[in-house]
Amino acid sequence: MADLKTDIRYIKGIGEQRAKSLNKLGIATLRDLISYYPRGYEDRTLTRPIRDLILGENACVRAMVAADPTAHRISGGRTLVKCRAVDEGGSLDLVFFNQEYRKNSLHKGETYIFYGKVEGNLLRRQMINPLIEKEGQQQITGRIMPLYPLTAGVSQLILSRAVRQGLDACRELLEDVLPDEVRRRHNLCYVGYAYENIHFPVSPEALEIARRRMVFEELFLLTCGLHLLRSRRQDVAGPACRAVDMTPFYEKLPFTLTGAQQRAIGDAISDMCAQRPMNRLCQGDVGSGKTMVAAACVWFAAQNGWQSALMAPTEILARQHYEGLAPLFARFGLRCALLTGSTRAKERREILADLQSGEIDLCIGTHALLTEDVQYAKLGLVITDEQHRFGVNQRAALGQKAEHPHMLVLSATPIPRTLALIIYGDLDVSIINELPPGRQKVDTFAVGEDYRQRINAFIRKQVAEGHQVFIVCPLVGDGEEIPDERKAVTAYAQELQQKVFPDLRVSVLHGKMKPKEKETVMAAFAAGESDILVSTTVIEVGVDVPNANTMVVENAERFGLSQLHQLRGRVGRGSAKSYCILLSDTQNEETRQRLKIMTQTNDGFKISEEDLRLRGPGDFFGQRQHGLPAMKIADLSCDMRLLDEAQTAAKALLADDGTLEKTEHRALRQRIGELFELNAEALN
Ligand code: ADP
Ligand code: MG
């Protein structure tokens, strides 16, 4: 046997046909086969004397066949084979449907192990279609059996046999990618033991030990791989920058930066001063002041003679950035421009010319910044805001406007640092975990439908005091397959306008509107032209309306915590006391708990961790980032501790051997290359 890349059809006992079926499960090589992990296990270790069998329980029985089996024809042309087995204290009826061969395969006087669900009554115990094995074999009874994800034509038995053959075939081939030192320090078992027991655990403890090692290995490989990817960038030079005194910039700000903002700026500046291009994610809760971090970087780049581009996901956000930043930079004699889809042709031509001649220092815009005719004289820094609205590709496209510009990504989706590392793969991460002083927390309430009247009165009161209100509904109306309980946003807004708030100005915003329409509605609301904005989650990422101090979320149970938090971030941006009311009639205890968390904290990181804990990382891993290996065994909702441990181990190892050149790390390095689908050259 050559190696783990061997095609499974050459493995002893598998063959062409079976290999074809296994291929359908994505199993092509020996490595695939042994890494096809069970999704669960069935414990068949329990063996009981017949008289102690418990109805409804699965159990193994060691019993002797007392009389030759009899076969009968029953309705529908089926056959029924019956047989009785006995042990010292009782007897058990065995019934087989459509297994005529049992008549000749079970022999009077011989002892077998039967495994199945105990049925019948107190007097007669029975098993229907039990699994049977000769005594002492212990292949399918008397042990913990793996349960694999299946496909048509491949049964559990076929799979477990194939895996058995795979494991036997590679006994000599399994090389441990974990350096011995790491394995020992973190109390991890040998690789052979791990593979054996992840498939065929000899005990629940053995399974746990095996699983621990497998998960660790997966996360360790991931971390090391990401590090290698990152260090690859060290080879290209970024736009050259040197340290400059930032005091003049800070002095002109209307406030003092928070410690967290300063740290993030410091991270970014030291990135830009290093040899390689910056590739940094700056994560901060809504309102944490990410824009200023970006602005400081722009100013820094400009002092070094570089132009910057700032890309926002919507025109209105771009405009807001422009209106905030242009006057600030003007005070330093730096010039900003706004370039969006609706920039007039003439103005656009002028902006393009000035970008190309280098007279514009910062260009703010939407994806219009990506079109081909936009050329920069000296683009040194590219910032994308609210990253989760941009595809990785778009980010890359903007990056191509210059050789290797510094890249800064701003994101308001707080995720635990460890997860960020995985999701954003090759990005360095700064976290702004502190809000500017004096920020009021948004008072949040989770209430039921019985509060409706009071809420309406409350809305009225806020509007009377000159404030504005968001009402968020889960889905767009006028729709096809939408369950009726979901508020159709348009109809709902109409109803509110006509029946509940005839004297107030109600407007509507939803995702099915054209971008232009959305912008118009949003801008009108921001300008105070309406009192209540009924909306879907399209307002989640959005524009500042400091005057809006109240948000009501309908059917709040339909939203994830992180999303609720994001939505809530739309209020509490002004000086007035702010409120968020989560309406839900759910009876589900878990959901109530979830909503309660919202009332207890305003900390986006805490919330996202809770969200992760409650719902699992599925949402975070919605789309696989290109180039990152899929997690086969690690479950990030419960393996976070192990992730921490694996990352610590990886860091320690890489501190010693940053490129994994040492002989003892050869296997590790090679495995990473395979996992990340990199060729050796790319890793070098
Ligand atoms: P976000 O991180 O959500 O993008 P912004 O950058 O829009 O947050 O900042 C939110 C508000 O806080 C803005 O009005 C901004 O001027 C203000 N702000 C930012 N930093 C500070 C600070 N250090 N002290 C006081 N206010 C600040
Ligand atoms: Mg922002």
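See the structure printed just above.
None of the values given here were measured: they were computed from a predicted structure.

Looking now at the sheet that holds strand 11 (residues 279-284). Spatial strand order, 13-14-12-15-16-11-17: seven strands in an open sheet with parallel pairing. The open sheet terminates on both sides in strands that have one partner only, identified here as strand 13 (336-339) and strand 17 (428-432). Across this sheet, the average inter-strand angle for adjacent strands is 20°, counted without regard to direction. As paired strands, strand 12 (residues 307-311) and strand 14 (residues 362-365) are joined by four bridges and run parallel to one another. Its bridge partner lying in strand 14, Met311 is registered against Gly365. Seen against the sheet, helix 9 (residues 259-273) touches strand 11, strand 15 (379-384), strand 16 (406-411) and strand 17 and runs at an angle of roughly 160° to strand 17.

This part takes up the nonpolar core. Core analysis: the largest hydrophobic core is formed by 59 residues, its most contacted members being Leu22, Leu159, Phe216 and Phe220. Looking at this core, the elements with two or more residues in it are helix 1 (15-23), helix 2 (30-34), helix 4 (156-169), helix 6 (191-199), helix 7 (204-232), helix 21 (640-656) and helix 22 (666-675). If we ignore the near neighbours within four places in the chain, the residues touching Leu159 are Leu22, Leu25, Ile27, Tyr36, Tyr148, Pro149, Leu150 and Val154. By size, the runner-up hydrophobic cluster in this structure holds 43 residues, among which are Met292, Ala294, Leu310 and Ala318.

Right, let's get into a nonpolar patch on the surface. A cluster of nonpolar side chains, Tyr190, Tyr193, Val202 and Ile209, forms an exposed patch at the surface whose accessible area comes to about 430 Å². Structurally, Val202 is set in the loop between helix 6 and helix 7.

The next subject is the side chain of Ser35. Along the chain, the position of Ser35 falls in the loop between helix 2 and strand 1 (40-43). From its side chain, Ser35 meets the backbone oxygen of Arg31 in a polar contact 2.8 Å long. Not counting residues up to four positions away in its chain, the partners in contact with Ser35 are Tyr195 and Lys632.

What counts, and where the lines are drawn
Residues numbered from 1 in each chain as written. Chains lettered and ligands numbered in written order. Predicted model: local features only at pLDDT ≥ 70, side-chain atom pairs only at ≥ 80, totals over all residues. Heavy atoms only, no water. Pairing = 2+ DSSP bridges. Helix = DSSP H or I, 4+ residues; strand = E, 2+ residues; numbered from the N terminus. Axes fitted to C-alpha atoms, helices over the stretch in contact; angles between N-to-C directions. Contact = heavy atoms within 4.5 Å. Core = buried A, V, L, I, M, F, W, Y, C linked by side-chain atoms within 4.5 Å. Buried < 20%, exposed > 50% of the residue type's maximum accessible area, 1.4 Å probe, protein only. Patch = residues over 30% accessible without salt bridge, like charges linked within 9 Å, V, L, I, M, F, W, Y side chains within 5 Å. Areas by Shrake-Rupley, 256 points an atom, 1.4 Å probe, with all protein chains shown as cover. Salt bridge = Lys/Arg side-chain N within 4 Å of Asp/Glu carboxyl O. Polar contact = N/O pair within 3.5 Å; in protein donor to acceptor, adjacent residues only side chain to side chain.

Structural measurements only, silent on function.
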